[in-house]
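Coordinates in review
Chain residues, written in single-letter form:
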2 protein chains.
Amino acid sequence: MQVYETPGAVRRASEGWRAEGLSVGLVPTMGALHEGHLSLVERAAAGCDRVVASVFVNPTQFGAGEDFERYPRDLKRDAGMLSAAGCDALFAPDVGAMYGAGGTDLLSGERTFVEVGRLGEVFEGAARPGHFRGVATVVAMLLLAARPHRAYFGEKDYQQLLVLKKMVRELHFGVEVVGCPIVREPDGLALSSRNAYLSSEEREAATALFRALETGRSLYRDGVRKTEEIEAAMMEVLRAGSLVRPDYAAVVDAESLAPLERLGESEARALVAATVGRTRLIDNAAL
Amino acid sequence: MQVYETPGAVRRASEGWRAEGLSVGLVPTMGALHEGHLSLVERAAAGCDRVVASVFVNPTQFGAGEDFERYPRDLKRDAGMLSAAGCDALFAPDVGAMYGAGGTDLLSGERTFVEVGRLGEVFEGAARPGHFRGVATVVAMLLLAARPHRAYFGEKDYQQLLVLKKMVRELHFGVEVVGCPIVREPDGLALSSRNAYLSSEEREAATALFRALETGRSLYRDGVRKTEEIEAAMMEVLRAGSLVRPDYAAVVDAESLAPLERLGESEARALVAATVGRTRLIDNAAL
């Protein structure tokens, strides 16, 4: 597996493959890899001739006081996992290679960035102002650097997936954004690099998110169509654990994330977010 | 010359050429072509194996009350000129093909756009709020659709050229942005599609912009180094004509457009803007 550290270097590799008629898949990650990431690599390898994974802890998607500094980093371990999973190339730039002289403060006025609009201002965008601006900007850079035909993202970050599909469609990136199913622990907890922050007590309490979603799905299967009722039941599950501080439990339109009064007309998605101990976790499911 | 009306269609053509190892040049225009545009096409043809020109009057770079509606449009004439000048393809989308369901109000919250920061807020950005946001967004779309190796822009819109170079560099487009010299009428007036708005009296008065720049250059050649003195002299030339309402006459850093107190340390550019009758005109020159 070749390792590239600059946008120019990974682009040359990708353009070379494209010129040979090979299709290129990109799996963007922030490292601290787990089985969820590897499932994206497998999906990319099944759908593309060559697979590039990127590992970059992107400062512009972290807010002040968030975990940018302590976010787990172990490039050597990540590289080993990616190589074993069949990646052809790893793009692992440092902050300077990505953001250069313009710096990483997107609102400083010193640099160009991508703004995503209202879809990035609700839910995670409301809890983390500027988060999706940072995500969209770095993914635009990664797509422009690695020039993939397809890019793979997990449904775990469901709102992120929608924001990126919208960006790619509206700016005409000409890249297929592929959303891949959430990978879960046996007890239902969605895999996340941030699960590593949890103490064993918190780890146990964290299953509240999955249990809340299951409660919502079960009510829906039982014929409940009032979102308010489902949301209240999900919130109750989140509230039950003493280590869990719920942020939101919502049932919304699966494309626009707009509120739904009743279910049945359009596809719906249940979204939950909560802080467990000091760790903010999110999860979601189709209804 | 092939004509394409959707981003997907022009991308397929360009990707086909790239796969054959051919280099692709893009000349983005708003139509109403003149010799200035054709000089860009010639430059592109000299530097690239294939040349794509785009004709798209981009609504998002016009402000309320500006000339979007009456901006001259004659695609048949433009296509004839481009074909004669050696273009291989014309990309001529309509507004729906470019902006789709998200609409053309960049601040509505309904769509993704590219924000360019402080460099887009001074001079033309101050006179036309949101102008460079619209320019950057549409050029990002055009570069993503036409996938050129190089893109050609006139130095007449000098600030636009700097904004686009910055966007392309900071987001890692991997495209070479080539700035091309201003083409002028025999009396010095910079070619512009908006010159067509001028009455014969206004047309004569419009040479004030070029004469102001020449005054600035001549003072510099004579050894004047205080920008204040040069700016005052340029402004005086603009003010002399009764049909001319000056907006600005400035001598600034040629890369950052930052104010300069004295000349000589970094490259400088003189910028002028004025409204002649009802038509806003801009011009610039290296000092």
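In this text the structure is predicted, and so the values were computed from the model without any measurement.

Definitions and cut-offs
- Residues numbered from 1 in each chain as written.
- Chains lettered and ligands numbered in written order.
- Predicted model: local features only at pLDDT ≥ 70, side-chain atom pairs only at ≥ 80, totals over all residues.
- Heavy atoms only, no water.
- Domains from an automatic or database assignment.
- Contact = heavy atoms within 4.5 Å.
- Buried area = accessible area lost by both parts, 1.4 Å probe.
- Salt bridge = Lys/Arg side-chain N within 4 Å of Asp/Glu carboxyl O.
- Helix = DSSP H or I, 4+ residues; strand = E, 2+ residues; numbered from the N terminus.
- Buried < 20%, exposed > 50% of the residue type's maximum accessible area, 1.4 Å probe, protein only.
- Expected span 1.5 Å × (residues − 1).
- UniProt positions renumbered as here; feature names shortened; annotations may be inferred.
- Polar contact = N/O pair within 3.5 Å; in protein donor to acceptor, adjacent residues only side chain to side chain.
- Axes fitted to C-alpha atoms, helices over the stretch in contact; angles between N-to-C directions.
- Parallel < 35°, antiparallel > 145°, perpendicular 65-115°, else oblique.
- Nonpolar A, V, L, I, M, F, W, Y, C, P; charged D, E, K, R; others polar.
- Pairing = 2+ DSSP bridges.
- Core = buried A, V, L, I, M, F, W, Y, C linked by side-chain atoms within 4.5 Å.
- Least-squares fit on C-alpha atoms with pLDDT ≥ 70 in both.

This next bit is on the domain arrangement of chain A. All names here are of chain A. Parsing chain A into structural domains produces domain 1 (2-180) and domain 2 (193-286). With centres defined by C-alpha atoms, the gap from domain 1 to domain 2 works out at 26 Å. In this complex, domain 1 contributes 21 residues to the contact, which on the side of domain 2 involves 18 residues. For the domain 1 face of the interface with domain 2, the top three residues by lost area are Arg70, Phe123 and Tyr158, together amounting to 38%. Where domain 1 touches domain 2, the interface holds 3 salt bridges. A salt bridge links Asp67 to Arg194, with the nearest nitrogen and oxygen atoms 2.8 Å apart.

Residue and element names in this part refer to chain B. With the rule as written, the count across this model stands at 33 salt bridges over all chains. A salt bridge links Asp283 to Arg184; the nearest nitrogen and oxygen atoms lie 2.8 Å apart. Taken as a pair, Asp283 in strand E10 (residues 279-286) and Arg184 in the loop between strand E7 (176-180) and helix H8 (200-205) lie far apart in primary sequence, 99 residues in all. Under the relative-accessibility criterion, Asp283 is labelled buried at 4%.

What follows deals with helix H2 (residues 35-47) of chain A. All names here are of chain A. Its 13 residues give H2 an end-to-end C-alpha distance of 18 Å, which sits within 8% of 18 Å, the value for a rise of 1.5 Å per residue. Burial in H2 covers these residues: Gly36, His37, Leu38, Leu40, Val41 and Ala44. Summarising the contacts, the buried residues of H2 are in contact with strand E2 (24-29), strand E3 (50-55), helix H3 (75-84), strand E6 (150-154) and strand E7 (176-180).

We now examine the UniProt feature "binding site: beta-alanine" (unreviewed entry) in chain A. All names here are of chain A. Using the residue numbers shown here, the UniProt feature "binding site: beta-alanine" (unreviewed entry) corresponds to Gln61. Relative to the helices and strands, Gln61 is located in the loop between E3 and H3. Setting aside its immediate chain neighbours within four residues, Gln61 contacts Met30, Glu66, Arg128, His131, Gly134, Val135 and Val138.

Before going further, it helps to examine the interface of chain B and chain A. In this complex, chain B contributes 32 residues to the contact, which on the side of chain A involves 32 residues. In total, about 2900 Å² of surface goes out of reach between chain B and chain A, with carbon and sulfur atoms giving 47% of it. When the area that chain B buries against chain A is broken down by residue, the three leading residues are Thr112, Leu171 and His172 of chain B, summing to 23%. For the interface between chain B and chain A, the tally reads 4 salt bridges. Where Arg118 of chain A meets Glu110 of chain B, a salt bridge forms, and the shortest distance between an N and an O atom there is 2.4 Å. Between chain B and chain A we count 22 residue pairs in polar contact (both at pLDDT 80 or more) in total.

So, about the packing of helix H1 (residues 7-19) of chain B against helix H6 (residues 131-146) of chain B. Residues and elements named next belong to chain B. Where H1 contacts H6, the two axes come as close as 7 Å, and the packing angle between them is 50°. The pairing of H1 with H6 is recorded here as oblique in orientation. Here Pro7, Val10, Arg11 and Ser14 of H1 lie close against H6, whose contacting residues are Leu144, Ala145 and Ala146. Grouping the amino acids of the contact of H1 with H6 by side-chain chemistry returns 5 nonpolar, 1 polar and 1 charged.

Our next topic: the pairing of strand E9 (residues 268-276) of chain B. Residue and element names in this part refer to chain B. Taking burial as the measure, the 9 residues of E9 include 9 buried ones, the bulk of the element. Covered by surrounding structure in E9 are Ala268, Ala270, Val272, Ala274 and Val276 together with Arg269, Leu271, Ala273 and Thr275, the residues of both alternating faces. Bridge analysis of strand E8 (residues 244-253) against E9 gives 9 bridges, and the strand direction is antiparallel. Paired with Ala250 across the strands is Leu271, a residue of E9. With 8 bridges joining them, E9 and E10 adopt antiparallel strand pairing. Looking at the pairing, Ala273 lines up with Ile282 of E10. The antiparallel hairpin formed by E9 and E10 contains 2 residues in its connecting segment, where Gly277 sits at a positive phi of about 65°.

In globular proteins that are soluble, nonpolar side chains generally tend to be buried together. Judged by nonpolar contacts, the single largest core of 106 residues is most densely connected at Leu143, Met167 and Phe173 of chain A together with Leu143, Met167 and Phe173 of chain B. Aside from chain neighbours lying at most four places away, what touches Phe173 of chain A is Ala140, Leu143, Leu144, Met167 and Val168 of chain A together with Arg11, Leu144 and Arg147 of chain B.

Turning to the relation of the copies chain B and chain A, a few remarks are in order. There are two copies of the chain, and a rotation about an axis plus a shift along that axis relates them. Structural alignment of chain B on chain A gives an RMSD of 0.0 Å, achieved by rotating through 180° and translating 0.0 Å along the axis. Taken together, these values place the two copies in the relation of a two-fold axis. The overlap is high: 100% of the interface residues of chain B also sit at the interface in chain A, so the same surface is used on both sides.

Residues and elements named next belong to chain A. Taken together, the 6 strands give an open sheet; going across it, the order is E1-E4-E3-E2-E6-E7, and neighbouring strands pair in parallel fashion. Among the strands making up the open sheet, the edge pair consists of strand E1 (2-4) and E7. Along the sheet, successive strands turn relative to each other by an average axial angle of 25°, direction set aside. By the bridge criterion, 3 bridges tie E1 to strand E4 (residues 89-91) in an arrangement that is parallel. Each residue of the ladder has a partner; that of Tyr4, found in E4, is Phe91. Packed on one face of the sheet, H3 meets E3 and E4 and runs near 165° to E3. Docked against the sheet, helix H7 (residues 158-170) engages E6 and E7, running at close to 170° with respect to E7.

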